[in-house]
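# Structural overview
If you want the building blocks of each chain, they are given just below.
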Amino acid sequence: MPPWLEALFWGSFAGAALLLGAGIAWKLRVPPNVVGLVMAFGAGVLISALAFELVADAQEAGGLVPTAAGFLAGAGAFVGANVLIARSGARHRKRSGTQQAEESGSGLAIALGALLDGVPESIVLGLSVVSGGAVSPAIVAAIFISNVPEGLSSTSGMRNAGRPGRYVFGVWGGIALASGLAALFGFLALDGAPAEVVAFITAIAAGGILAMVADTMIPEAFEREHLLTGLVASLGFLTSFVISQAG
């Protein structure tokens, strides 16, 4: 399989996990505490992946300065964009309860928020092909595992807010497609680029992912099941670490 096609395929595959989570939430009444636990697990998975697969590899390949600069830039860019989307009424796009129904968010704002959350993860997949010649199984696993609870929690909230099924699955289908295209972009834009540039862009994605986890995933997990959030997030972290070491 050509490398560009591999990036497109795995980006779409990981993005499809959002549809899987959405389908579960749409068909089943998942208890709020279960949603919180699954979200905590996904948060731990992503934190482990960005620590051991993204930031560490970026620093090793391109140096500390580009990595640190990219990480801060990515976190700052996500927070800035998230503030704008939150002011448009999509602050609670990942919440599974009634928060989405209580704010005046437009469908477009929620869709843009979901896109903001998913694009950095997908670009990382394309970058992993650039860096290693093949996609990293640990990164694919981490993004896929974390996307399931993201789709599940957000869809639960959308359903509670009265969003129709065509809107819900239209959003997640569009995000899955955008995930594949973002991974393809990550590969095409940086194939053959200097190691420092790849490290900088990888760290931007990592910073954005960490900011997203802190702003949108951990609050939902803690509110729904605060007593076990730390333990389950630790299990997610360990699972992702084991996968990265096994690969």
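Cut-off values and rules
Residues numbered from 1 in each chain as written. Predicted model: local features only at pLDDT ≥ 70, side-chain atom pairs only at ≥ 80, totals over all residues. Heavy atoms only, no water. Helix = DSSP H or I, 4+ residues; strand = E, 2+ residues; numbered from the N terminus. Buried < 20%, exposed > 50% of the residue type's maximum accessible area, 1.4 Å probe, protein only. Contact = heavy atoms within 4.5 Å. Areas by Shrake-Rupley, 256 points an atom, 1.4 Å probe, with all protein chains shown as cover. 1 Å grid on protein atoms, 1.4 Å probe; cavity = no way out; pocket = protein on both sides within 12 Å on 5 of 7 lines; lining within 4 Å. Points joined across faces, edges and corners; volume = space filled by probe spheres on them. Nonpolar A, V, L, I, M, F, W, Y, C, P; charged D, E, K, R; others polar. Phe/Tyr/Trp six-rings, centres within 6.5 Å; stacked < 30°, edge-to-face > 60°. Expected span 1.5 Å × (residues − 1). Bend = angle between axes of the 7 residues up to and from the residue. UniProt positions renumbered as here; feature names shortened; annotations may be inferred. Arc of directions from axis to C-beta. Polar contact = N/O pair within 3.5 Å; in protein donor to acceptor, adjacent residues only side chain to side chain. Axes fitted to C-alpha atoms, helices over the stretch in contact; angles between N-to-C directions. Parallel < 35°, antiparallel > 145°, perpendicular 65-115°, else oblique. Left-handed = near helix turned anticlockwise from the far one by under 90°.

Going by what an unreviewed UniProt entry lists, the protein is known as ZIP family zinc transporter and is assigned to Sinomonas halotolerans.

So, about the overall build of the protein. In terms of helices and strands, the protein carries 9 helices and 0 strands. Counting helices and strands in the order they occur from the N terminus, the protein gives α-α-α-α-α-α-α-α-α. Counting over 247 residues, the protein shows a buried share of 50%. Of all intrachain contacts in the protein linking residues separated by at least 6 positions in sequence, the fraction that spans at least 24 positions is 84%. Of the accessible surface of the protein, which amounts to about 10400 Å², a share of 70% is contributed by carbon and sulfur atoms.

Empty space among the atoms becomes apparent when a probe as large as a water molecule is rolled across them. Of the volumes computed, that of the largest pocket is approximately 280 Å³. Lining of the largest pocket is provided by 17 residues; of these, D57, A58, L127, S131 and T202 occupy positions nearest its centre. The leading source of residues in the lining of the largest pocket is helix α2 (residues 32–62), at 6 residues. Grouping the constituent residues of the lining of the largest pocket by class yields 10 nonpolar, 4 polar and 3 charged.

Given two aromatic rings, one states the distance between the centres and the angle between the planes to describe the pair. Taken as a whole, this structure holds 7 aromatic pairs when the rule is applied. When the ring of W10 is compared with that of F13, the centres are 5.4 Å apart and the planes differ by 85°; the resulting orientation is edge-to-face. With a gap of 3 residues between them, W10 and F13 both fall in helix α1 (residues 3–27), about one helical turn apart. The exposure class of W10 is partly exposed, given its relative accessible area of 26%.

Its 30 residues place the ends of helix α8 (residues 195–224) 42 Å apart at the C-alpha level, agreeing with the 44 Å of an ideal helix rising 1.5 Å per residue. In α8, a bend of some 40° at M217 exceeds every other bend along the element, and P219, a proline, comes one to four places later.

Turning to the UniProt feature "transmembrane region" (unreviewed entry) in the protein, a few remarks are in order. UniProt's feature table lists "transmembrane region" (unreviewed entry) at residues 7–26, 33–52, 64–85, 123–147, 167–190, 197–214 and 226–244, given in the numbering used throughout. For residues 197–214, the end-to-end C-alpha separation is 26 Å, with 100% helix and 0% strand making up the annotated structure. Helix makes up 84% of residues 226–244 and strand 0%, with an end-to-end C-alpha separation of 28 Å.

Here we take up helix α9 (residues 229–246). End to end, α9 covers 26 Å across 18 residues, agreeing with the expected 26 Å (1.5 Å per residue, within 8%). When we look at burial in α9, the residues that qualify are T229, V232, G236, S240 and S244. When α9 is viewed along its axis, its buried side chains cluster within an angular range of 120° and face the same direction. Those residues of α9 that are exposed and angled more than 90 degrees off the buried face are L231, Q245 and A246. Looking at the packing, one finds that the buried side of α9 touches α2, α6 (137–160) and α8.

Summarising the element assignment, S244 is placed in helix α9. Relative accessible area serves as the criterion here: at 11%, S244 is assigned to the buried category. Between the alpha carbons of S244 and S48 there is a distance of 9.2 Å; along the sequence they are 196 residues apart. With near-sequence residues (within four places) excluded, S244 lies in contact with E53 and A138. At 2.6 Å, the side chain of S244 and the backbone oxygen of F241 are in polar contact.

Okay, the packing of α2 against α9 next. Axis separation between α2 and α9 bottoms out at 7 Å; the angle between their running directions is 40°. Of the possible angle classes, the one that applies to α2 and α9 is oblique. With respect to the hand of their crossing, α2 and α9 are arranged in right-handed fashion. Two secondary-structure elements touch here, α2 through L37, A40, F41, G44, V45, I47, S48, A49, F52 and E53 and α9 through T229, V232, A233, L235, G236, F237, T239, S240, F241 and S244. A per-class count over the contact of α2 with α9 returns 12 nonpolar, 7 polar and 1 charged.

Considering the arrangement of structural elements, one finds W26 in helix α1. Using a relative accessible area of 25% as the deciding quantity, one classes W26 as partly exposed. For the pair W26 and M158, spaced 132 residues apart in sequence, the C-alpha separation works out to 9.4 Å. Non-local contacts of W26, meaning those with residues more than four positions away in its chain, are made with T155, R159, R163, P164, G165, V168 and F169.

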